[in-house]
Amino acid sequence: MLIGLLIQNPKLYKMIPNKIKNLNNKNILGLNIILKIKKICKKYKKVNTGQILELYRNSKKYYIIKKMSIWNHMIYKKKIKNVFLDLIKNIFKKDLEFKQNFLINKERHKGLTKKEKIKLWKINKKIFKKYKK
């Protein structure tokens, strides 16, 4: 949904924090496309949906991008920014949960170093703070 909203509303790229590129692409499906579209939108400030579609014309992802460009997400125009921000926050939350699960699994099988335990504690603290809101 995030990719579709970004393709249909390229100006939303400004709402994507730069720290998103520090996330692990393997953990989050579609993050690579989001980063590429953000880069395109940043380079060509007045880019529109059709131009983004043309940039992907000879790509394997063209049909996916094309579908998302006409996809009916059924979100009121006034709510698009809020939904977009929620989806971005969800990406960061999922990344934290992946890291948490990785460290918990490692603890169960091998044990953690002191540094890893501190990292897990910090992740748990961040996740708790996000769920509390």
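Owing to the predicted nature of the structure, the values given are computational and were not obtained by experimental measurement.

On to the pattern of salt bridges. Applying the stated criterion across every chain yields a total of three salt bridges. As a salt-bridge pair, Arg-57 and Glu-54 come within 2.3 Å of each other at their nearest N and O atoms. For Arg-57, a relative accessible area of 39% puts it in the partly exposed group. The class for Glu-54 is partly exposed, based on a relative accessible area of 44%. Its salt-bridge partner being Lys-106, residue Glu-116 comes within 2.5 Å of it at the nearest N-O pair. Taken together, the residues span a long stretch of sequence, with Glu-116 in helix α6 (residues 114-132) and Lys-106 in helix α5 (residues 80-109) at a distance of 10 residues. The class for Glu-116 is buried, based on a relative accessible area of 18%.

Take the layout of surface pockets next. One number sums up the size of the second largest pocket: a volume of about 200 Å³. Along the walls of the second largest pocket sit Met-1, Leu-2, Ile-3, Ile-28, Leu-29, Gly-30, Ile-34, Leu-87, Asn-90, Ile-91 and Lys-94, which together make up its complete lining. Secondary structure elements with two or more residues in the lining of the second largest pocket: α1 (2-8) and α5. Of all the elements, α5 adds the most residues to the lining of the second largest pocket, at four residues. In terms of residue class, the lining of the second largest pocket is built from eight nonpolar, two polar and one charged.

Moving on to the nonpolar core. Formed by 30 residues in total, the largest nonpolar core has its most connected members in Leu-6, Ile-20, Ile-37 and Phe-84. The greatest single-element share of this core, amounting to seven residues, is contributed by helix α2 (residues 31-43). The contacts of Phe-84, once residues within four sequence positions are left out, are Leu-2, Leu-5, Leu-6, Leu-12, Met-15 and Ile-16. Of all hydrophobic cores here, the second largest spans six residues; its members include Leu-103, Leu-112, Leu-120 and Ile-123.

What counts, and where the lines are drawn
- Residues numbered from 1 in each chain as written.
- Predicted model: local features only at pLDDT ≥ 70, side-chain atom pairs only at ≥ 80, totals over all residues.
- Heavy atoms only, no water.
- Salt bridge = Lys/Arg side-chain N within 4 Å of Asp/Glu carboxyl O.
- Buried < 20%, exposed > 50% of the residue type's maximum accessible area, 1.4 Å probe, protein only.
- Helix = DSSP H or I, 4+ residues; strand = E, 2+ residues; numbered from the N terminus.
- 1 Å grid on protein atoms, 1.4 Å probe; cavity = no way out; pocket = protein on both sides within 12 Å on 5 of 7 lines; lining within 4 Å.
- Points joined across faces, edges and corners; volume = space filled by probe spheres on them.
- Nonpolar A, V, L, I, M, F, W, Y, C, P; charged D, E, K, R; others polar.
- Core = buried A, V, L, I, M, F, W, Y, C linked by side-chain atoms within 4.5 Å.
- Contact = heavy atoms within 4.5 Å.

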